[in-house]
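# Overview (structure and organization)
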There are 2 protein chains.
Amino acid sequence: MDGSFVVKGNIIWSESLSSIKSMEDSFLVVEEGKVKGVFKTLPSQYSSLSIYDSGNGLVVPGLSDIHVHAPQFGFRGTNLDLELMSWLDTYTFPEESRLADEEYADKVYSLFVSTIAKSATTRLAAFATRHTDATLALMDKIEEAGLSGFVGKVNMDRNAPDSLREESADYSASETERWLKAVEERGYSNVKPILTPRFIPSCTDALMEKLSLLRDRYCLPVQSHLSENMGEVEFVKELSPSSAFYGDAYDRFGLFGGEGKNGCIMAHCVLSGEDEISLIKKNGVYVAHCPESNANLKSGIAPLRRYLDEGIKVGLGSDIAGGTTESIFDAMIDAVKMSKMYWRLVDDSKEPLSFKEAFFLGTKGGGSFFGKVGSFEEGYEADILVLSDSHIPYPRALSPLERLERFAYLHGDINGLEAKWVKGRRLF
Amino acid sequence: MDGSFVVKGNIIWSESLSSIKSMEDSFLVVEEGKVKGVFKTLPSQYSSLSIYDSGNGLVVPGLSDIHVHAPQFGFRGTNLDLELMSWLDTYTFPEESRLADEEYADKVYSLFVSTIAKSATTRLAAFATRHTDATLALMDKIEEAGLSGFVGKVNMDRNAPDSLREESADYSASETERWLKAVEERGYSNVKPILTPRFIPSCTDALMEKLSLLRDRYCLPVQSHLSENMGEVEFVKELSPSSAFYGDAYDRFGLFGGEGKNGCIMAHCVLSGEDEISLIKKNGVYVAHCPESNANLKSGIAPLRRYLDEGIKVGLGSDIAGGTTESIFDAMIDAVKMSKMYWRLVDDSKEPLSFKEAFFLGTKGGGSFFGKVGSFEEGYEADILVLSDSHIPYPRALSPLERLERFAYLHGDINGLEAKWVKGRRLF
């Protein structure tokens with residue numbers, strides 16, 4: 001198909017948080033990897049393109065996972081009894097240490113990438129570990145699988161076991177530069193580097209200064225964690241007493257914001273206060289909302305409606321292995337459920353999220369971090385999923401939107417992903 | 001196998017909330033439909049029994065769904081934007097009205113029963129609708145499928161549309177008696193009737209009086225709803241001003257408690273106050289905890305730890321279609337997640353539920369409503385599941401308990417149910 005083709009089916013996509021489009025039995029036209037449009041009748045100038053006819057399938061944009069830890073794939077679905085800081089010390093840091101072993105890293109990353117490749121996710125912003133070579137191996141695998149997104153070699157030079165902590169700020173920075181140069185040499189077309197200071201508790205000021213310089217020199221986007229859990233927020237206050245708030249501890253080093261290819265993702269933002277929210281908005285920071293992880297690690301519920309009302313950019317993250325599942329459909333549903341509990345238990349002036357809004361977050365909301373991604377408007381990159389729900393029996397007619405909602409609630413993606421394209425290239 | 005056989009594998013079962021047993025590569029012996037025991041080496045007296053060798057499979061007791069609405073199967077996974085009372089009026093009552101049409105009822109109930117038969121659920125306490133003949137048809141299907149449990153013809157003579165409401169208390173009671181007599185005639189061996197006043201808002205005092213008499217005459221268990229959602233609780237206060245609390249409105253008619261085959265399930269108990277909790281405990285009422293539904297309908301989070309600390313009997317319910325999924329594994333995970341949010345957002349003196357505790361609730365906790373069900377202790381009825389997790393890749397060794405937890409988190413039951421027995425009879 002070489003990037004130019006037509007997909008026929010019941011086509012659904014979001015244009016904004018409040019606008020979702022659904023066209024039954026229609027034609028999605030892709031030329032040279034970009035969407036030309038959705039048509040009720042196929043325009044004659046496209047009649048020579050090959051057609052993938054999904055029958056009665058649902059055709060939706062690919063999903064974006066804007067916060068995931070690839071090396072934690074090995075213990076997902078287990079060890080979820082602790083809060084963040086003790087969970088990191090007890091389970092996560094020891095497991096990430098094991099990625100120093102190239103063979104083990106290869107095993108973990110192979111499983112991670114093959115799982116994402118088979119999933120509804122087309123774009124991801126992933127943490128690797130501090131290990132430079134293993135990080136490159138992960139990027140090789142993502143590139144080869146035809147997925148697209150950002151991967152970060154993690155920086156961490158304090159508050160972690162010797163087996164995982166980098167020995168100094170200098171070492172961490174020089175390894176980061178070695179990584180960035182190797183990435184340039186490898187000339188990936190689908191996967192790009194993203195600067196990844198793990199979070200304030202893991203990074204000395206000296207390291208942050210060096211990362212700031214690297215960010216400017218290499219024109220890099222950045223990802224980290226923000227105001228996830230009470231213990232963490234308290235610890236940041238101790239570690240960075242001169243910062244006005246957690247986000248300020250990044251902002252002082254120019255690591256809290258940016259536009260386009262130089263953007264910034266902060267994961268969680270469960271406990272952000274007024275000043276932090278203002279700066280998130282002002283600096284154009286993306287919030288990676290990770291509702292499953294925030295429940296599992298007992299962090300709480302992020303004030304999502306507040307962020308959306310402010311016009312803050314929000315996408316969804318699986319946050320494996322604080323989250324267990326790679327499914328961004330599951331993340332949509334968790335976001336809806338948790339917003340209802342926020343409304344009931346925290347603040348009933350904050351209207352719960354609708355499924356349509358959650359669908360926007362999982363497609364165009366997070367996708368916009370990667371460019372024109374996550375919609376079927378003209379010019380968008382052709383990330384496309386064909387969903388079959390014929391394995392979910394029902395006794396009455398449903399609209400395509402009802403079918404999509406039900407597909408998401410009932411984990412339809414486990415058996416119902418029929419075809420997937422990333423940037424116009426078919427993966428299955 | 002005729003009810004006497006051996007299952008070999010990694011065998012896991014709960015004996016109490018705090019005690020879970022796991023025996024690797026062992027033998028579960030069943031004689032005449034009852035568990036004899038779990039053995040590391042097969043005792044010689046059982047060596048002539050046929051062996052189902054699950055290889056490296058996990059072998060666990062069947063799960064019990066102690067609150068589910070079979071007629072709502074037709075719209076599960078959709079229409080989840082409203083709170084309980086408006087959700088009932090807008091979506092549920094109109095849908096249940098459609099079950100008056102025998103052909104439609106047959107379609108819905110066929111799909112419901114075949115879905116439960118393929119699921120991890122072996123026992124269920126199900127609501128039908130007010131329609132007597134359709135209720136009998138549902139019971140026929142459950143019996144035929146080899147599932148076991150209770151089904152209730154619903155009683156409702158007020159506050160519902162004409163198309164669904166029964167015309168009088170007399171009519172409702174006489175239809176209930178017609179139903180009970182037909183059940184006796186059909187001589188089911190696996191499915192039994194349970195008295196099912198829908199909930200206080202749907203039942204006049206006159207009807208409740210008649211149901212109370214029927215309960216005594218036919219020695220029936222009873223199921224209903226209790227303190228689920230704020231709007232409902234307020235409405236009950238209006239409707240029954242002389243009741244000290246919601247549960248008292250059932251108790252006045254002898255419909256709030258009972259033992260053994262004459263037991264009582266109250267679904268939800270999200271908003272129960274001190275007096276109600278005391279009476280639940282005193283009367284031996286089962287709480288059907290339905291965490292997914294309570295999130296979807298914005299009801300809140302039930303104080304589960306409180307109930308467990310009090311020694312109140314608790315099981316899990318899917319509550320389709322307030323809940324979307326039939327999976328009681330999903331209900332276990334939702335119970336854990338929501339208990340963490342209760343701890344974080346409501347009362348941090350209430351320790352969150354562990355996975356092991358949730359597993360108890362989904363097996364022996366709810367199973368005990370049906371008799372000796374949900375464990376592998378000697379004399380328990382042989383409800384058995386063999387789980388395969390070979391489709392969930394992982395890079396390192398896990399214990400059987402870790403594998404079970406991961407299976408539950410990752411919706412392993414969708415593709416990983418390998419064999420299922422109910423009362424020693426194999427379903428697949």
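Structural data are supplied above this passage.
Because the structure is a prediction, the values reported are computed rather than measured.

### Quick notes on helix H4 (residues 169-186) of chain A
All names here are of chain A. Compared with an ideal rise of 1.5 Å per residue, which puts 18 residues at 26 Å, H4 spans 26 Å between its outermost C-alpha atoms and is within 8% of the ideal. Looking at H4, one finds that the buried residues are Ala-169, Ser-172, Ala-173, Glu-175, Thr-176, Trp-179, Leu-180, Ala-182 and Val-183. Of the surrounding secondary structure, the elements contacted by the buried residues of H4 are helix H3 (132-145), strand E7 (148-152), strand E8 (154-155), strand E9 (191-193) and helix H5 (205-218).

### Looking at the packing of helix H2 (residues 102-118) of chain A against H3(A)
A packed helix pair is summarised by two numbers, namely the angle formed by the two axes and the spacing between the axes. Residue and element names in this part refer to chain A. H3 packs onto H2 with a crossing angle of 30° between their chain directions and a minimal axis gap of 10 Å. Comparing their axes, H3 and H2 come out roughly parallel. Crossing handedness for the pair H2 and H3: right-handed. Residues Ala-105, Asp-106, Tyr-109, Ser-110, Phe-112, Val-113 and Ala-117 of H2 touch H3, and the partners they reach there are Ala-134, Leu-138, Lys-141, Ile-142 and Ala-145. Residues that form the contact of H2 with H3 fall into these classes: 9 nonpolar, 1 polar and 2 charged.

### Comments concerning the relation of the copies chain A and chain B
Here chain A sits on chain B after a turn of 180° about the axis and a move of 0.0 Å along it, with an RMSD of 0.0 Å. In short, the pair behaves as if placed about a two-fold rotation axis. Identified as the residue of chain A closest to the rotation axis by C-alpha distance is A:Leu345, at 3.5 Å. Here 100% of the interface residues in chain A have copies in chain B that are interface residues too; the copies meet face to matching face.

### Notes on the interface of chain A and chain B
Counting residues at the interface gives 51 residues for chain A and 51 residues for chain B. With both sides pooled, the region where chain A packs onto chain B buries about 4,500 Å², and carbon together with sulfur makes up 61% of that total. Our count for the chain A to chain B interface comes out at 6 salt bridges. Notably, a salt bridge pairs B:Lys337 with A:Glu292, separated by 3.6 Å at the nearest N-O pair. Where chain A packs against chain B, one counts 18 residue pairs in polar contact (both at pLDDT 80 or more). Elements with a contribution of two residues or more to the side of chain A that touches chain B: H2, helix H9 (291-296), helix H11 (328-345), helix H13 (400-409) and helix H14 (413-416) of chain A. Tallying contributions element by element places H11(A) first for the side of chain A that touches chain B, with 9 residues. In terms of residue class, the side of chain A that touches chain B is built from 21 nonpolar, 14 polar and 16 charged.

### Details of the nonpolar core
By size, the foremost hydrophobic cluster in this structure holds 222 residues, and its most contacted members are A:Tyr250 and B:Tyr250. Beyond its immediate chain neighbours, meaning those up to four positions away, A:Tyr250 contacts A:Phe199, A:Ile200, A:Met208, A:Ser224, A:His225, A:Leu226, A:Leu255, A:Phe256 and A:Met266.

### With respect to the sheet that holds strand E9 (residues 191-193) of chain B
Residue and element names in this part refer to chain B. Taken together, 4 strands build an open sheet; the order of strands is E5-E6-E7-E9 and the sheet is parallel. Edge positions in the open sheet fall to strand E5 (63-69) and E9, since each of these has one partner strand only. Strand-to-strand, the axes of this sheet are offset by a mean angle of 20°, without reference to chain direction. Relative to strand E7 (residues 148-152), strand E6 (residues 121-127) runs parallel, the two being bridged by 5 bridges. Looking across to E7, one finds that Phe-127 is bridged to Gly-152.

### Comments concerning the sheet that holds strand E15 (residues 384-387) of chain A
Residue and element names in this part refer to chain A. Strand order in the open sheet formed by 7 strands is E3-E2-E1-E4-E15-E16-E17, and the pairing between neighbours is mixed. Of all the strands in the sheet, just strand E3 (34-39) and strand E17 (425-426) have a single pairing partner and so form its edges. Direction of pairing for strand E1 (residues 5-16) relative to strand E4 (residues 51-61): parallel, over a ladder of 5 bridges. Note that in E4 the partner of Ile-11 across the bridge is Val-59.

### Side note on unusual backbone geometry
The amide bond that connects A:Ile320 to the next residue, A:Ala321, takes the cis arrangement and shows omega of 10°. As for its placement among the helices and strands, A:Ala321 is situated in the loop between strand E14 (313-316) and H11. In the Ramachandran plot, A:Glu32 falls in the positive-phi region, its phi being about 50° despite a non-glycine side chain. Locating A:Glu32 in the fold gives a position in the loop between strand E2 (19-31) and E3. Positioned with a positive phi, B:Cys219 is a non-glycine residue whose angle comes to about 50°. Mapping B:Cys219 onto the fold places it in the loop between helix H5 (205-218) and strand E11 (222-226).

### Examining the environment of A:Arg344
By the secondary structure assignment, A:Arg344 is in helix H11. Between the C-alpha atoms of A:Arg344 and A:Pro201, which are 143 residues apart in sequence, the distance is 33 Å. Here B:Glu83 takes part through its side chain, which lies 2.5 Å from a polar atom of the side chain of A:Arg344.

### Quick look at the pairing of strand E15 (residues 384-387) of chain B
Residue and element names in this part refer to chain B. Covered by surrounding structure in E15 are Ile-384 and Val-386 together with Leu-385 and Leu-387, the residues of both alternating faces. Relative to strand E16 (residues 417-422), E15 runs antiparallel, the two being bridged by 4 bridges. Across the sheet, Leu-385 pairs through a bridge with Lys-420, a residue of E16.

### Some thoughts on the pattern of salt bridges
Side chains carrying opposite charge are able to pair once their charged atoms draw close together. Going through the model one piece at a time under the given rule, you end up with 58 salt bridges over all chains. One salt bridge in this structure joins B:Arg123 and B:Glu381, with 3.5 Å as the shortest N-O distance. Of this pair, B:Arg123 sits in strand E6 while B:Glu381 is found in the loop between helix H12 (355-367) and E15, placing the two residues 258 residues apart along the sequence. Residues B:Glu259 and B:Lys313 are paired through a salt bridge, measuring 3.7 Å at the closest nitrogen-oxygen approach. Of the two residues, B:Glu259 sits in the loop between helix H7 (246-251) and strand E12 (264-268) while B:Lys313 sits in the loop between helix H10 (304-310) and strand E14 (314-316), which places them 54 residues apart along the sequence. B:Glu259 gets classed as exposed once you look at its relative accessible area, which sits at 53%. Three or more residues joined by partner-sharing salt bridges are found here, namely A:Glu274, A:Lys281, A:Arg306 and A:Glu310.

### Quick word on the packing of aromatic side chains
Any pair of aromatic rings gets described here by the distance separating the centres and the angle formed by the planes. Summed over the entire model, instances satisfying the criterion amount to 28 aromatic pairs over all chains. For the pair A:Tyr52 and A:Trp421, a centre-to-centre distance of 5.4 Å together with 90° between the ring planes defines the contact as edge-to-face. Of this pair, A:Tyr52 sits in strand E4 while A:Trp421 sits in strand E16 (residues 417-422), and the two are 369 residues apart along the sequence. Here the aromatic rings of B:Phe355 and B:Phe359 are separated by 6.3 Å at their centres, their planes lie at 35°, and the arrangement is tilted. Remark: B:Phe359 and B:Phe355 occur in helix H12; sequence separation between them is 4 residues, near one turn of the helix. For B:Phe355, a relative accessible area of 7% corresponds to the buried category. Judged by its relative accessible area of 0%, B:Phe359 is buried. Members of the aromatic cluster, joined through ring pairs, are A:Phe150, A:Tyr286, A:Phe369 and A:Phe370. Of note, A:Arg98 hangs over the ring of A:Tyr104, and the distance from its end group to the ring centre comes to 4.0 Å.

Here is what the cut-offs are and how they apply
- Residues numbered from 1 in each chain as written.
- Chains lettered and ligands numbered in written order.
- Predicted model: local features only at pLDDT ≥ 70, side-chain atom pairs only at ≥ 80, totals over all residues.
- Heavy atoms only, no water.
- Helix = DSSP H or I, 4+ residues; strand = E, 2+ residues; numbered from the N terminus.
- Expected span 1.5 Å × (residues − 1).
- Buried < 20%, exposed > 50% of the residue type's maximum accessible area, 1.4 Å probe, protein only.
- Contact = heavy atoms within 4.5 Å.
- Axes fitted to C-alpha atoms, helices over the stretch in contact; angles between N-to-C directions.
- Parallel < 35°, antiparallel > 145°, perpendicular 65-115°, else oblique.
- Left-handed = near helix turned anticlockwise from the far one by under 90°.
- Nonpolar A, V, L, I, M, F, W, Y, C, P; charged D, E, K, R; others polar.
- Least-squares fit on C-alpha atoms with pLDDT ≥ 70 in both.
- Buried area = accessible area lost by both parts, 1.4 Å probe.
- Salt bridge = Lys/Arg side-chain N within 4 Å of Asp/Glu carboxyl O.
- Polar contact = N/O pair within 3.5 Å; in protein donor to acceptor, adjacent residues only side chain to side chain.
- Core = buried A, V, L, I, M, F, W, Y, C linked by side-chain atoms within 4.5 Å.
- Pairing = 2+ DSSP bridges.
- Phe/Tyr/Trp six-rings, centres within 6.5 Å; stacked < 30°, edge-to-face > 60°.
- Lys NZ or Arg CZ within 6 Å of the ring centre and 35° of its normal.

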